[in-house]
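Take a look at the letters that make up each chain.
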Amino acid sequence: MVNFFTLVYIILFFFGIFFILIFIFLHYRNSKQLYSNPPIKSYPTISILVPAYNEEDSIEETVKALLRLRYPTNKLDIIIINDGSTDNTLKIAKTLEKKYSHIKVINKPNSGKALSLNLAINNAKGELIAVVDADSYPNKDALKRMVGHFEDHSVAAITSRVLVKNKNNWLSRFQVLDYSIIAWTRKLLDFVDSVYVTNGPLSVYRKSVVQKVGGFDQHNLTEDIEITWHILSEGYNTRMSYSAIVYTIVPQDFKSWVKQRIRWNLGGLQTVKKYWRTMFKKGAFGYFVIPYVSASFFFAIVGFLLLIRLLWVKGSYHLVSLYYTLLGYDYWKYLEINLYITLLLILTCIFFFLAIWYYKIGFVHSETGNKNILKILAYSFFYRSLYLIPLILALYKIATKDLRWYTK
Amino acid sequence: MQSKFRIFFESLLVTVVIFVIAFLLGIFVESLRTNKIIESYKDYEIEALDLKLQNYYYQIMDSQSCSQAIKQNFIFADNLYTKGLELERYEEANQISDDLFREKKRYVLLKTELWLNSILLKKKCNNPFDTIVYIYSADPKTNIQVAQQKVISNTLKSVKEQYGNKVILLPIAGDLRIGNSQEEPFLGSIELQKEIYNISSLPSIIINEKFVLEGFHTEEEIISYLNMTKSTK
């Protein structure tokens with residue numbers, strides 16, 4: 001009989017292979033439509049909201065990027081929300097406000113991004129609202145490529161493809177690959193109405209729907225995920241424009257990276273907890289998004305526990321052996337690897353073959369079109385393993401009820 | 001128009017097909033390994049019977065033919081030991097069926113028979129060789145015990161490599177039951193040996209039926225016990 005742990009591995013591999021195959025099939029079936037967007041029949045009015053907290057280094061460049069957007073200026077206004085910054089953000093924003101008539105600044109005490117956005121929405125004149133992080137820089141045509149999707153009245157939000165602006169060290173270079181895969185995966189999910197994140201660097205929402213769902217959730221650490229799930233749960237669609245590009249600043253050091261990912265994990269888990277009752281209800285959202293995201297978290301945790309067990313089982317032999325070495329046991333003489341063909345080895349090979357194939361296609365569609373197999377292997381085996389660290393820390397924070405704000 | 005959600009069912013179908021193929025391949029590879037062990041067992045069973053009959057003969061006849069009997073005994077013991085190690089490795093690798101576990105019991109009984117045969121031969125032929133019987137647990141409860149048993153097994157392997165045809169090494173699982181259920185009784189012949197040699201914990205090593213060592217002992221210690229039994233012969 002198959003023992004318990006082997007059975008757990010088999011279940012993990014089953015769902016792992018199933019999910020990867022979904023993405024591979026989605027790619028091959030829709031690859032010609034990756035970059036296409038619906039044509040714009042009329043330009044809707046858009047209010048661009050830029051929430052900012054201590055962004056003196058980047059806000060001016062962000063606003064300049066917004067001013068360069070190819071979109072009728074009479075249909076566009078920019079609202080900068082200074083969320084109680086303690087640096088020169090407000091001063092820079094006020095200078096920009098004086099210089100450009102369609103820029104408005106709202107100054108408020110620090111209370112978080114969600115409340116800043118909700119306050120700005122009430123002041124926004126546009127039919128659509130675009131949210132742009134104050135350290136992100138949209139391409140000139142980004143908005144034009146996105147708004148055509150709103151011709152479909154079931155669409156309430158559209159997100160963009162986020163790329164990395166700062167590529168200075170190993171961590172940010174890995175994030176270049178990571179952001180490519182994230183964007184590509186999100187685009188593939190678009191083909192099955194399952195875009196479940198409208199990212200902070202650039203997303204556009206139908207204002208009436210955002211107001212209908214009560215705005216951004218101030219209690220969620222990832223208000224962009226939460227509002228997307230809220231919109232989907234109301235039966236609206238969300239889309240992703242792969243050709244609408246926005247560059248963003250990513251964490252440069254490991255500590256900041258872990259902090260950012262802890263926030264993503266915590267916010268994701270908060271959102272799953274809030275909406276899990278909708279599982280297996282309401283179309284693709286209930287039948288795919290919630291089970292897929294929940295399963296991803298669950299399997300990541302189970303995978304981590306299995307890894308710990310494996311390290312313990314294998315490691316304890318080496319530790320005990322090393323102890324006996326002190327008593328005269330020849331440890332090095334008996335180091336051996338028994339590599340027999342087993343069911344789990346077969347499944348592991350299939351899983352990694354599919355995963356590498358999946359990443360390879362994703363990288364082809366990245367900005368660098370990277371096909372270097374060594375980079376793919378380093379990304380798959382090294383960088384992706386690092387995902388476990390913030391996940392475990394996030395779980396620890398949930399266990400200790402430490403849910404402070406994890407942005408800056 | 002084809003539904004865009006059909007892709008989920010197609011992916012599920014392909015996943016199931018991949019799993020069926022992987023399972024069939026896994027079962028095929030495992031059955032190859034099990035069959036190899038079963039086939040070897042059939043040969044060893046005949047060899048063991050032959051050896052037993054030879055032993056009857058040597059018990060009745062004079063000790064002139066001891067060297068021939070010892071040679072036969074060693075060849076058989078060494079083959080059984082090598083096959084036992086292979087069986088252990090196969091057992092770790094087999095994840096679908098537990099057929100090998102059943103085979104393991106047969107091998108344990110065969111090794112016990114060989115041990116008894118060796119005792120008789122030693123008596124008849126004036127102790128021309130040494131026996132090291134390693135009684136271990138087939139169902140270790142902790143990782144520490146698993147590791148400890150592996151260390152002891154390797155240490156004994158090293159002693160065997162040094163002494164070659166002077167030592168018969170017999171690793172025997174000391175806690176196997178007749179059936180698979182926990183209610184089934186333990187194998188009687190092994191229980192009897194444990195009682196005779198007063199073995200209360202596993203793993204233990206019996207050296208020339210005189211010394212019982214519990215837990216880990218270094219190569220040097222085991223060799224010194226072997227030498228001690230020689231001096232008391």
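Note that residues are indexed from 1 along each chain, following the sequence as it is written. Chain labels run from A onward and ligand labels from 1 onward, assigned in the order the entries are written. This being a predicted model, a pLDDT of at least 70 is required before a residue's local features are given, and a value of 80 or more before pairs of side-chain atoms are given or counted; all residues contribute to the totals for chains, interfaces and linings. Computation of side-chain values: all heavy atoms of the structure, hydrogens and water removed.

1. Observations concerning a nonpolar patch on the surface
How we decide: The patch calculation keeps residues exceeding 30% relative accessible area without a salt bridge and links them within 9 Å when they carry like charges or within 5 Å when they are nonpolar (Val, Leu, Ile, Met, Phe, Trp, Tyr). All accessible areas in this document rest on Shrake-Rupley with a 1.4 Å probe, and a residue is counted as covered only by the protein chains that are shown. Definition used for salt bridges: Asp or Glu carboxyl oxygen within 4 Å of a side-chain nitrogen of Lys or Arg. For helices the rule is a DSSP run of H or I covering at least 4 residues; for strands it is a run of E covering at least 2, with both sets numbered from the N terminus onward.
A surface patch of nonpolar side chains, amounting to about 440 Å² of accessible area, comprises W170(A), F254(A), F382(A), I389(A) and L393(A). Structurally, W170(A) is set in helix α6 (residues 170-190).

2. Digging into the environment of D139(B)
All names here are of chain B. Basically, it comes down to this: Think of a polar contact as two N or O atoms within 3.5 Å of one another; within protein, one of them needs to be a possible hydrogen donor and the other a possible acceptor, and neighboring residues in sequence only count if both atoms come from side chains.
Counting through the fold element by element, D139 comes out in the loop between β1 (130-136) and α4 (143-163). C-alpha of D139 to C-alpha of S65: the two residues are 74 residues apart in sequence and 41 Å apart in space. Side chain to side chain, D139 and K141 meet in a polar contact 2.8 Å long.

3. A short note on the interface of chain B and chain A
As a reminder, the rule being used: Should any heavy atoms of two residues lie within 4.5 Å, those residues are considered in contact. The quantity reported as buried area is the accessible area (1.4 Å probe) lost by two parts once they are put together, taken as the sum for both.
At the interface, 38 residues of chain B touch 40 residues of chain A. Across the chain B to chain A interface the summed buried area is about 3,800 Å²; carbon plus sulfur atoms make up 69%. Between chain B and chain A we count 1 salt bridge in total. Ionic pairing is found between R29(A) and E10(B), a salt bridge with its closest N-O pair at 2.7 Å. Linking chain B with chain A are 3 residue pairs in polar contact (both at pLDDT 80 or more), by the criterion used here.

4. A short note on the side chain of S58(A)
By secondary structure assignment, the location of S58(A) is in the loop between β1 (46-52) and α2 (59-67). Ignoring any residue separated from it by four or fewer positions in sequence, one finds S58(A) in contact with A134(A), D135(A) and Y137(A).

5. Comments concerning the packing of helix α2 (residues 66-93) of chain B against helix α3 (residues 99-124) of chain B
Residue and element names in this part refer to chain B. The cut-off we apply is this: Axis definition: a line fitted to C-alpha atoms, limited for helices to the stretch in contact. Angles are taken between N-to-C directions and run from 0 to 180 degrees. In these notes the angle categories are as follows: under 35 degrees is roughly parallel, over 145 is roughly antiparallel, 65 to 115 is roughly perpendicular, and the rest is oblique. A clockwise turn of the near helix away from the far one marks a right-handed crossing, whereas an anticlockwise turn of less than a right angle marks a left-handed crossing.
Axis separation between α2 and α3 bottoms out at 10 Å; the angle between their running directions is 155°. The angle between α2 and α3 falls in the class roughly antiparallel. The two elements α2 and α3 cross, and the hand of that crossing is left-handed.

6. A word on the side chain of R261(A)
All names here are of chain A. Positionally, R261 belongs in helix α9 (residues 254-275). Within the local environment of R261, its side chain forms a polar contact with the side chain of D178, the two groups lying 3.0 Å apart. Setting aside anything within four residues of it in sequence, one finds R261 in contact with Q175, D178, Y179, Y383, Y387 and P390.

7. Some details on the pairing of strand β2 (residues 167-173) of chain B
Regular strands show a simple pattern: their side chains alternate between the two faces of the sheet. Residue and element names in this part refer to chain B. For clarity, the threshold we go by: Burial classes follow relative accessibility: with a 1.4 Å probe on protein chains only, a residue under 20% of its type's maximum area counts as buried, one over 50% as exposed, and anything between as partly exposed. Seen with its strands pointing away from the viewer, a crossover is right-handed if its path from the first strand over the helix to the second goes clockwise.
The buried count for β2 comes to 7 of 7 residues, which makes it a mostly enclosed element. Here β2 shows two buried faces, one formed by V167, L169, P171 and A173 and the other by I168, L170 and I172. In this fold, β1 hands off to α4, which returns the chain to β2; that crossover is right-handed.

8. Description of the pattern of salt bridges
Residues and elements named next belong to chain A. The tally for this structure, following the rule as stated, stands at 20 salt bridges over all chains. Here R384 ties to D178 by a salt bridge, and the two come within 3.8 Å at their closest N and O atoms. On the criterion of sequence distance, the pair formed by R384 in helix α12 (residues 373-386) and D178 in helix α6 is long-range, its members being 206 residues apart. Relative accessible area serves as the criterion here: at 27%, R384 is assigned to the partly exposed category. By relative accessible area, which is 0% here, D178 ends up buried.

9. Quick word on empty space enclosed by the protein
Residues and elements named next belong to chain B. Selection criterion: Of the two site types, the cavity is a set of points on a 1 Å grid over the protein atoms alone where a 1.4 Å probe fits but cannot get out, and the pocket is an open set with protein on both sides within 12 Å along at least five of seven lines, each lined by residues with an atom within 4 Å of a point. Grid points are joined across faces, edges and corners, and a volume is the space filled by probe spheres set on the points.
All told, the structure shown has 5 cavities of 30 Å³ or more when counted by the stated rule. The space that makes up the largest cavity amounts to roughly 50 Å³. Around the largest cavity, the lining residues are G84, L87, E88, K104, Y107, V108, K111 and Y136. Looking at the lining of the largest cavity element by element, the count peaks at 4 residues for α3.

10. Looking at the sheet that holds strand β2 (residues 76-83) of chain A
The strands making up a sheet are joined through hydrogen bonds of the backbone, oriented either antiparallel or parallel. Residue and element names in this part refer to chain A. For the record, the criterion: A pair of strands is considered paired only if DSSP assigns at least 2 bridges between the two.
The 8 strands lie next to each other as β3-β2-β1-β4-β7-β6-β8-β5, forming an open sheet whose pairing is mixed. What marks the edges here is a single partner per strand, and that holds for β3 (103-108) and β5 (136-138). Here the average twist between neighbouring strands, direction ignored, is 30°. One ladder, built from 3 bridges, connects strand β6 (residues 155-164) with strand β7 (residues 203-206); its direction is antiparallel. Within β7, the position partnered with I158 by the bridge is V204. In this fold helix α3 (residues 89-99) packs onto β1, β2 and β3, with an angle of close to 150° to the strand it touches most, β3. Against the sheet, α6 touches β6 and β8 (237-248), its axis set at about 155° to β8.

11. Observations regarding the confidence of the model for chain B
The test is simple: pLDDT gives the predictor's per-residue confidence on a scale running from 0 to 100.
Residues with a pLDDT of 70 or more make up 92% of chain B, whose mean pLDDT is 82. At the level of individual helices and strands, chain B shows its lowest average pLDDT in α2(B), which scores 79, and its highest in strand β3 (residues 204-207) of chain B, which scores 93.

12. Quick word on the layout of surface pockets
To keep things clear, this is the line we draw: When residues are grouped by polarity, Ala, Val, Leu, Ile, Met, Phe, Trp, Tyr, Cys and Pro land in nonpolar, Asp, Glu, Lys and Arg in charged, and all others, Gly among them, in polar.
Estimates place the volume of the second largest pocket at around 470 Å³. Surrounding the second largest pocket, 21 residues form its lining, N30(A), Q33(A), D190(A), F191(A) and K4(B) being those nearest its centre. Of all elements in the fold, only α1 (4-30) and α6 of chain A together with α1 (6-60) of chain B reach the threshold of two or more residues within the lining of the second largest pocket. The element that contributes the greatest number of residues to the lining of the second largest pocket is α1(A), accounting for 3 residues. Of the residues assigned to the lining of the second largest pocket, the class counts are 6 nonpolar, 8 polar and 7 charged.

13. Quick look at unusual backbone geometry
In this structure, P203(B) follows L202(B) across a cis peptide bond, with omega equal to 0°. The topology assignment puts P203(B) in the loop between α5 (188-196) and β3. Phi is positive for F280(A), which is not a glycine, with a value near 60°. Looking at the element boundaries, F280(A) is found in the loop between α9 and α10 (283-326). Backbone geometry places E209(B), a non-glycine residue, at a positive phi of 60°. Along the chain, the position of E209(B) falls in the loop between β3 and β4 (211-214).

14. Some words on the packing of α1(A) against α10(A)
All names here are of chain A. At their nearest, the axes of α1 and α10 sit 11 Å apart, and the two run at 140° to each other. Here α10 runs oblique to α1, going by the angle between their axes. Considering only the axes of α1 and α10, their crossing is left-handed. For the pair α1 and α10, the contacting residues are F5, V8, Y9, I11, L12, F15, F19, I22 and F23 in the first and F288, Y292, A295, F299, V302, G303, L306, R309 and L310 in the second. For the contact of α1 with α10, the class distribution of residues is 16 nonpolar, 1 polar and 1 charged.

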